[in-house]
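# Chains, contacts and geometry: an overview
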Amino acid sequence: MADLLSDDEIAAQLPDHWDREGDEIVRTYEFDAYLDGVGFAAAAGGLAQEAFHHPEMTIGWREVEVRLTTHDAGGITANDIELAERFDEIHG
Ligand SMILES: C[C@H](O)[C@H](O)[C@H]1CNC2=NC(N)=NC(=O)C2=N1
């Protein structure tokens, strides 16, 4: 199981556009069309399943909010940071 990151490690490793909210990291991705967000969520879900590390995703009007935390560790780990970076790659 991945170890919890310290506050300093989280601050240093948090990717651009992501925020920390307690035990979660959060980003809201914006899209030109609703179905673009739906497609992103589906692709992100595939990456999550591949990593076996699952975010909460809220699909809204031309935006998708993604929340990541490591339930098994009770906070933020490298698994969250790494998956956030993969989500950013597919968003472009
Ligand atoms: C047994 C445990 O639920 C699994 O190892 C995976 C499933 N997906 C997961 N997803 C997230 N976000 N955190 C976890 O700790 C986690 N654990």
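The following refers to the structure shown. (Residues numbered from 1 in each chain as written. Predicted model: local features only at pLDDT ≥ 70, side-chain atom pairs only at ≥ 80, totals over all residues. Heavy atoms only, no water.)

### Quick notes on the pattern of salt bridges
- Applying the stated criterion across every chain, the model contains six salt bridges.
- A salt bridge links Glu21 to Arg67; the nearest nitrogen and oxygen atoms lie 2.9 Å apart. Within this pair, whereas Glu21 is found in strand β1 (residues 19–21), its partner Arg67 is found in strand β4 (residues 63–68), the two being separated by 46 residues in sequence.
- One salt bridge connects Asp88 with Arg27, and the closest N-O pair in it is separated by 2.8 Å. (Salt bridge = Lys/Arg side-chain N within 4 Å of Asp/Glu carboxyl O. Helix = DSSP H or I, 4+ residues; strand = E, 2+ residues; numbered from the N terminus.)

### Thoughts on the environment of Pro55
- In this structure, Pro55 sits in the loop between α2 (34–51) and β3 (56–60).
- Separated by 29 residues in sequence, Pro55 and Ala84 place their C-alpha atoms 9.4 Å apart.
- The residues touching Pro55, leaving out its near neighbours within four places in the chain, are Ala48, Val66, Arg67, Leu68, Leu83 and Phe87. (Contact = heavy atoms within 4.5 Å.)

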